[in-house]
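Residue-level structural notes
Spelled out from the first residue to the last, the chains are:
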Amino acid sequence: MLDAPAISLRNITNSFGGHVVHRGLDLDVRKGEILGVIGASGSGKSVLLRTIVGLRRQQAGEVSVLGVNLTRAPASAWEEARRHWGVLFQDGALFSSLTVKENVQAQFRRVVRLPGEALDELAALKISLVGLPPEAGNKLPAELSGGMRKRAGLARALALDPDILLLDEPTAGLDPIGAADFDLLIRTLSKSLGLTVFLVTHDIDTLYAVCDRVAVLEDKRISNVGRIEELLRVDDAWIREYFLGPRGRAAGNARGGLSAAPCPENGSSLALRGG
Amino acid sequence: MRHFQDSVPAGRRREPGAEVLDGAEGAVLHLWGEWSVYTLPECKAGLDSLLSARERDGLPPFRRLNLGRITRIDTAGALLLNNLVAALPGERDWIFENSGAEARAILDISLAKTRVPPPPPPPFFLLSLLNETGAHVLGELRLFLALLGFFGEFGLRLLRSLCRPRDIHLTACVYHMEHAGLRAAPIVCLLNFMIGLVIAYMALSSLAMFGAQIYVVNLLEVVTLREMGVLITAILVAGRSGSSFTAQIGVMVSNQEVDAMRVMGLDPVLVLALPRVLALVVVLPCLVVLADIMGLLGGLVAAWVSMDISPAVFIDSLRMAMRAKHVLVGVAKAPVFALVIGCVGCFLGFQVKGGAAAVGILTTRSVVESIFLVILLDALFALLFNMVRI
C-alpha cells in the first residue's frame, strides 16, 4: 500500500459516441512527483483528469488512487478518496455567490463542525499560503482578476491538505509574470507540503519550470513518460515538434539549456506576488 | 508526514491525544494520534482541558513538545499547535522533541498566517433601505428609458428594412415563426381549451339558478374572444418565447458574438431582434385565432357534459350571439402584445453584462416585465375601446 503510486490508470478506454478518446491508456503518477500531461488540443487531457476524479466514468479500465481501486468501489471509498485530492479547474470554478473566504471554508464545513473563529483562522492561513493578500478573502470571485481567481481556487483545493493536487491548465489565460509566479507557487507548495501533482497544461514554460516528469498523450494513449531531457531523446515527430518547434525552443533556451529550473525547497519562503 | 498518513481508512483513523509527562528537563507535552482538520474539534477540546487542569493544579507550564507519536499532522493541526505556543506565557524557546522534519515544515508553513480583515459593517439599516430603494427606482427608470430607446431603434430599423426588404433575414424569420408559433400551438390549444372549460362550468352553475344556462354562450363569446384568448396566449408566449429571446441574445452577448457582429459591420438589432420580433408579430394573431376556437370548444364541452346542452344548440346560439367585433378586438391586440413581448425579450438580452449569471437574472426579468406590460396594455385597451364604444 505504501509503495502504491498516487494515481494509477490501467487500460483506460473513453469514448463519446463513436469517437474514441482513450484506448488502453496506462499511466502511473508516483508519490510526491509533479507530472505534467501534454497532448494536442482535443486529445483528451481534461477528459483524463475528469476520469480520475470520477466526473466521468470510463468505458473500460481501472483507476486507482493511493492504492485503492475506485472502479467498482463503494461510495465510502470515493468519499475517502475525495479527502485525498484537491482539484483546480481552469478558471478556478469558485462558487460565485460566496466570497473567497467562504469558498475555502465550504471545504471545512463539508467534513467537520468548527467554530467560526477557527474557520476564519484556517481560511486566512490557506489564503496567505497561495499568496493572496488578506483583503481578498472578503471579495466575491467576480471582483478578482483571473490570476487571483486561480489562486483562490488553489486555496480551496488545498483546504483539507490533500495528498494529490489535480490542476487543469493552471496557467492558461495568465500574463507571463502571473504565470511564472503561479508556476513557482505550485512548485513550492508541492515540495513543502509533499504533494503529488497531476497537471494538465499547454504551457511549455510550466513544463520546464514545474514538472518532474512529463507524460505525452498521443494516439489515444500515453506514448511516453519521462523527464523532458529523456523525452527529447525519443524519436517521435510530435514530441520533437512540441519541444523543438519555435515556441518550445524559446522556452527551453530561456531555461539555460534544457535543464529544469532550480526550485526553492524552503517552505517558509512563500512571499509571492498576489495575482 | 505524507507517507504514514496515506490511505488510512476512515474507521482506523487514530484518535488524537495529549498528556504532560515530567522528564529530566522539565515537563514535556506529548501528543499522539491524528492532528488534522478532521480531528480538530477533539484536538482543541483535549488540549484546552489539559491546559486548564494543569493551571488549576498550579503546575508549572511546559516548554517542550514531543510530536514523536503523531501519526498525521496537517496545516490545521499545526495552526492549533502554533497558537498554543504563541498563547502560553514564558520565553519562546520551545523545543520540539522527536519531531520529524516534515512535521516541522508543516509547523513552519502554518506560521505564515495572516488575518482576513472583517468585512466592512453594513450601514445603518434605515439609511441602506432608503439608499437601496432610491437606487432601485432610479435603475428601473433608467431601464425603462433605455427600453423606450430600444423601441425607437427597433422602429427605425423596421422602417428602413421595409424600404429595403432585402435587409430582412427571412430564413431567421421563418425559423422563429416555427419555434415561437407552430411549436407553441399544442400548449396554447390545451391551455385555452381548459380555460374555456373552467369559465363555462363556473358560469353555468350560476346561470342555472335563473334557468338561463343557454346564456353561457353569450358570456363565453365576450370573455373568450375579447379577453381570455389573447391574454392567455400572450402570457404563454411571453413565458415561452420572450424568455428564450433574452437567453439566446444574452448568451451571444456574453460570448462576445454581438461584439463580433458590430466589428464586422452587422447590425445586431437588425440581425437578431428584427426577425424575432417580426416572427412574433405574425405568429401571435394566428395563435390567438386558434386559442379562440379552443376556448369556445372548451365551453361547448362543459355545457354538453354538465348541462346537457347539445353541441348543435350551442353552435346555433353561438351563431346568433357572436359579433365580429369581439373577435377583431381580440386579434387586433395580438400584434401589439407581440411587439412588446419581442422587444422586451430582445432588449433585455442586449442588456447582459458579464457572465452566465446575468443571463439567468435577465431572463427572469424578461418574463416578469413582458407579462406586466401585456396586462397593463390590455387594461389600457379596455379603456380605449370603452371610450370609442367598440
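None of these values were measured; they are calculated from a predicted model.

Each value, and the rule that gives it
- Residues numbered from 1 in each chain as written.
- Chains lettered and ligands numbered in written order.
- Predicted model: local features only at pLDDT ≥ 70, side-chain atom pairs only at ≥ 80, totals over all residues.
- Heavy atoms only, no water.
- Salt bridge = Lys/Arg side-chain N within 4 Å of Asp/Glu carboxyl O.
- Helix = DSSP H or I, 4+ residues; strand = E, 2+ residues; numbered from the N terminus.
- Buried < 20%, exposed > 50% of the residue type's maximum accessible area, 1.4 Å probe, protein only.
- Contact = heavy atoms within 4.5 Å.
- Domains from an automatic or database assignment.
- Arc of directions from axis to C-beta.
- Axes fitted to C-alpha atoms, helices over the stretch in contact; angles between N-to-C directions.
- Parallel < 35°, antiparallel > 145°, perpendicular 65-115°, else oblique.
- Left-handed = near helix turned anticlockwise from the far one by under 90°.
- Nonpolar A, V, L, I, M, F, W, Y, C, P; charged D, E, K, R; others polar.
- Pairing = 2+ DSSP bridges.
- Phe/Tyr/Trp six-rings, centres within 6.5 Å; stacked < 30°, edge-to-face > 60°.
- Lys NZ or Arg CZ within 6 Å of the ring centre and 35° of its normal.
- pLDDT = per-residue confidence, 0-100.

1. Some remarks on the pattern of salt bridges
With the rule as written, the count across this model stands at 24 salt bridges over all chains. A salt bridge links Asp 212 of chain A to Lys 191 of chain A, with the nearest nitrogen and oxygen atoms 3.2 Å apart. Of the two residues, Asp 212 of chain A is situated in the loop between α7 (204–210) and β9 (213–218) and Lys 191 of chain A in helix α6 (residues 176–193); the sequence distance between them amounts to 21 residues. What makes Asp 212 of chain A partly exposed here is its relative accessible area of 23%. Lys 191 of chain A gets classed as partly exposed once you look at its relative accessible area, which sits at 23%. Residue Lys 44 of chain B is joined to Asp 48 of chain B by a salt bridge in which the shortest nitrogen-to-oxygen separation is 3.9 Å.

2. Concerning the environment of Phe 381 of chain B
All names here are of chain B. Topologically, Phe 381 is positioned in helix α13 (residues 356–387). Phe 381 gets classed as buried once you look at its relative accessible area, which sits at 14%. Phe 381 sits 48 residues away from Lys 333 along the chain, and the two C-alpha atoms are 7.9 Å apart. Sequence-distant contacts of Phe 381, that is, excluding residues within four places in its chain, are made with Lys 333, Val 336 and Phe 337.

3. Comments concerning the domain arrangement of chain B
In terms of domains, chain B is made up of domain 1 (2–111) and domain 2 (143–387). The straight-line distance from the C-alpha centre of domain 1 of chain B to that of domain 2 of chain B is 71 Å.

4. Examining helix α9 (residues 237–244) of chain A
Residues and elements named next belong to chain A. Among the residues of α9, Ile 239, Tyr 242 and Phe 243 are the ones counted as buried. Taken around the axis of α9, the buried residues stretch over an arc of 80°, which confines them to a single face. Along α9, exposed side chains directed more than 90 degrees from the buried face belong to Ala 237 and Glu 241. The elements touched by buried residues of α9 are β3 (34–39), α7, β9, β10 (221–226), α8 (228–233) and α10 (246–254).

5. Let's talk about the side chain of Asp 203 of chain A
With respect to the helices and strands, Asp 203 of chain A occurs in the loop between β8 (196–200) and α7. Setting aside anything within four residues of it in sequence, one finds Asp 203 of chain A in contact with Thr 171 and Ala 179 of chain A.

6. Describing the packing of helix α5 (residues 125–163) of chain B against helix α12 (residues 324–350) of chain B
Residue and element names in this part refer to chain B. Where α5 contacts α12, the axes come no closer than 10 Å and their chain directions differ by 115°. Relative to α12, the element α5 is oriented roughly perpendicular. The interaxial crossing formed by α5 with α12 has right-handed handedness. Between α5 and α12, the residues in contact are Leu 143, Ala 146, Leu 147, Phe 150, Phe 151 and Phe 154 and Leu 339, Val 340, Cys 343, Val 344, Cys 346, Phe 347, Leu 348 and Phe 350, respectively. A breakdown of the residues in the contact of α5 with α12 according to their chemical character gives 14 nonpolar, no polar and no charged.

7. Description of the sheet that holds strand β4 (residues 60–65) of chain A
Residues and elements named next belong to chain A. In space, the four strands of this open sheet follow the order β2-β1-β4-β5, with antiparallel pairing throughout. This sheet does not close on itself; its edge strands, each paired only once, are β2 (19–29) and β5 (68–69). As paired elements, strand β1 (residues 7–16) and β4 share five bridges and run antiparallel to each other. Counted as the bridge partner of Ser 8 is Ser 64 from β4. Each of β1, β2 and β4 touches helix α1 (residues 45–52); the most contacted strand, β1, lies at about 120° to it.

8. Considering the pairing of β10 of chain A
Residue and element names in this part refer to chain A. Where β9 and β10 come together, five bridges link them in antiparallel fashion. The residue of β10 that forms the bridge with Glu 218 is Arg 221. Taking the residues that link successive antiparallel strands as the turn, the β9-β10 hairpin has two residues, and the phi of Asp 219 there is positive, at about 55°.

9. Section: the packing of aromatic side chains
Counted by the stated rule, this structure contains nine aromatic pairs over all chains. Consider the rings of Trp 78 of chain A and Trp 85 of chain A, whose centres lie 6.2 Å apart with planes at 75°: the pair is edge-to-face. Like Trp 85 of chain A, Trp 78 of chain A is buried. Ring geometry for Phe 150 of chain B against Phe 350 of chain B: centres 6.1 Å apart, planes inclined by 45°, an arrangement best described as tilted. Residue Phe 150 of chain B is located in helix α5, and its partner Phe 350 of chain B is located in helix α12; the two are separated by 200 residues in the primary sequence. For the pair shown, Phe 150 of chain B and Phe 350 of chain B are each scored as buried. Members of the aromatic cluster, joined through ring pairs, are Tyr 208, Trp 238, Tyr 242 and Phe 243 of chain A. Here Arg 56 of chain A stacks its cationic end above the ring of Phe 16 of chain A, 4.2 Å away from the centre of that ring. Lying over the aromatic face of Phe 95 of chain A, Arg 156 of chain A brings its terminal NZ or CZ to 4.5 Å of the ring centre.

10. A look at helix α3 (residues 100–111) of chain A
When we look at burial in α3 of chain A, the residues that qualify are Val 100, Lys 101, Asn 103, Val 104, Gln 105, Gln 107, Phe 108 and Val 111 of chain A. Where α3 of chain A is buried, its residues touch α4 (116–129) and α5 (146–157) of chain A.

11. What to know about the confidence of the model for chain A
Residue and element names in this part refer to chain A. Per-residue confidence for chain A averages 84 on the pLDDT scale, and 92% of its residues sit at or above 70. Within chain A, the lowest mean pLDDT, 76, falls on α10, and the highest, 93, falls on β8. Between residues 257–275, whose pLDDT stays under 50, and residues either more than four places distant or in other chains, the model counts 33 contacts.

12. Some remarks on the environment of Pro 61 of chain B
On the secondary structure map, Pro 61 of chain B appears in the loop between α2 (40–56) and β3 (64–73). Sequence separation between Pro 61 of chain B and Phe 124 of chain B is 63 residues; the distance between their C-alpha atoms is 47 Å.

13. Describing unusual backbone geometry
Residue and element names in this part refer to chain A. Phi angles above zero are rare outside glycine, and Asp 161 is one such case at about 50°. Classification of Asp 161 by relative accessible area gives buried; the value is 4%. With phi around 50°, Glu 169 is a residue other than glycine that occupies positive phi space. Following the sequence through the fold, Glu 169 ends up in the loop between β7 (164–168) and α6.

14. Observations concerning the pairing of β8 of chain A
Residue and element names in this part refer to chain A. With five of its five residues buried, β8 lies for the most part within the structure. Residues Thr 196, Phe 198 and Val 200 of β8 are buried on one face, and the alternating residues Val 197 and Leu 199, pointing to the opposite face, are buried as well. Relative to β8, β3 runs parallel, the two being bridged by four bridges. Counted as the bridge partner of Val 37 is Val 200 from β8. Both β7 and β8 contribute to a ladder of five bridges, which runs parallel. Opposite Ile 164, over in β8, you have Thr 196 as the bridge partner.

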